[in-house]
Amino acid sequence: MIWHCLQHLPDEGPGHASDWLAAHGHTLTYTRLFEPEPVFPALADFDGLLILGGAMSVHDEARFPWLRDEKVFIQQVLRAGKITLAICLGAQLVAQALGAEVRPNAEPEIGFWTVRFSAKALEHPLLRGWPEKAAVLHWHLDAFTVPPGALRVGMSAGCATQGFVWGDGIVGLQFHPEMTVPMVEQLMAFEGHETAEEQEFVQTAEQIRAKLKSVWKGRKLIEQLLANMVALHEEETNYLIN
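By convention here, each chain's residues receive numbers from 1 onward along its written sequence. pLDDT decides what is reported in this predicted model: residues at 70 or higher carry local features, side-chain atom pairs at 80 or more are listed and counted, and totals for whole chains, interfaces and linings draw on all residues regardless. Side-chain metrics in this entry use all non-hydrogen atoms of the structure; hydrogen atoms and water are not considered.

1. A closer look at the pairing of strand E6 (residues 133–144)
Between buried and exposed lies partly exposed: a residue is buried under 20% and exposed over 50% of the maximum accessible area for its type, with that area taken using a 1.4 Å probe on protein chains only. Think of it this way: any DSSP run of H or I at least four residues long counts as a helix, any run of E at least two long counts as a strand, and we number them from the N terminus. Of all twelve residues in E6, ten are buried; the element is thus mostly enclosed. Where strand E5 (residues 102–117) meets E6, eleven bridges bridge the pair, whose relative direction is antiparallel. From the neighbouring strand, Ile110 faces E6, where its bridge partner is Trp139. Strand pairing is assigned whenever DSSP detects at least two bridges linking the two strands.

2. What about the sheet that holds strand E2 (residues 27–32)?
Strand order across the open sheet formed by seven strands is E2-E1-E3-E4-E10-E9-E7, with mixed pairing between neighbours. The open sheet has two edge strands with one neighbour each: E2 and strand E7 (151–152). Relative to strand E10 (residues 170–173), strand E9 (residues 163–166) is paired through four bridges, and the arrangement is antiparallel. Bridged to Val165 within E10 is Val171. Note on definitions: a residue-residue contact is assigned when non-hydrogen atoms from the two residues lie within 4.5 Å. In this analysis an axis means a line fitted to C-alpha atoms, helices contributing only their contacting stretch, and an angle means the value between N-to-C directions, from 0 to 180 degrees. Most of the contacts of helix H3 (residues 89–97) go to strand E4 (residues 83–87), to which it runs at about 125°, and overall it touches strand E3 (48–51), E4, E9 and E10.

3. Section: the side chain of Thr84
Checked against the element boundaries, Thr84 lands in strand E4. Residues within four places of Thr84 in sequence aside, it is in contact with Leu49, Ile51, Val77, Leu78, Val94, Gly169, Ile170, Val171 and Met229.

Below is the structure:
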């Protein structure tokens, strides 16, 4: 299976997702939107889309003009029915494309916080094998409402909508299950988080480092999710062939 990745920042790569895809024989290609003149692939050139996070907002088109082209591309992918996994900024972009509102969250949510997954969402084939809750990494100022017709994945104390499942093959996650320990360190450095003070839903750098072992929980979530998405793609492909 060929996956294509939309990457917004050099230090926010696919992490655990790329590790799992490589280990299971899948190909991962990239559009790196931080590079000059990024190019999007033809729809026929990939099977699944992975959209990563970034420090910018979906509303920052004036500062980042490539957002306009990216939004057009995402609309094309959604209309084509491609399997899509979108994380943080990526989830906000997909949510907006599906008719949801993206706006500042009531409070910043930064650090390892527990997400409780909804019982209805856990019945969806794409979330098969997920636990009822998990402490995962968050790093966002904005959030999205549930797109029309989508299932809410879950919620945390600091954010009412931690993700959505739309249709049979589109998943958006507000939290970061893909991030490895080195990526968390890079993110804290990029954001200048060493001097950040504790807030209601913001952990200090020291508190985040004390919880770094929790990245394995995110890794298990994204590996199970990718396995479910690949299985769905294979089922659909076999159905079309037969």
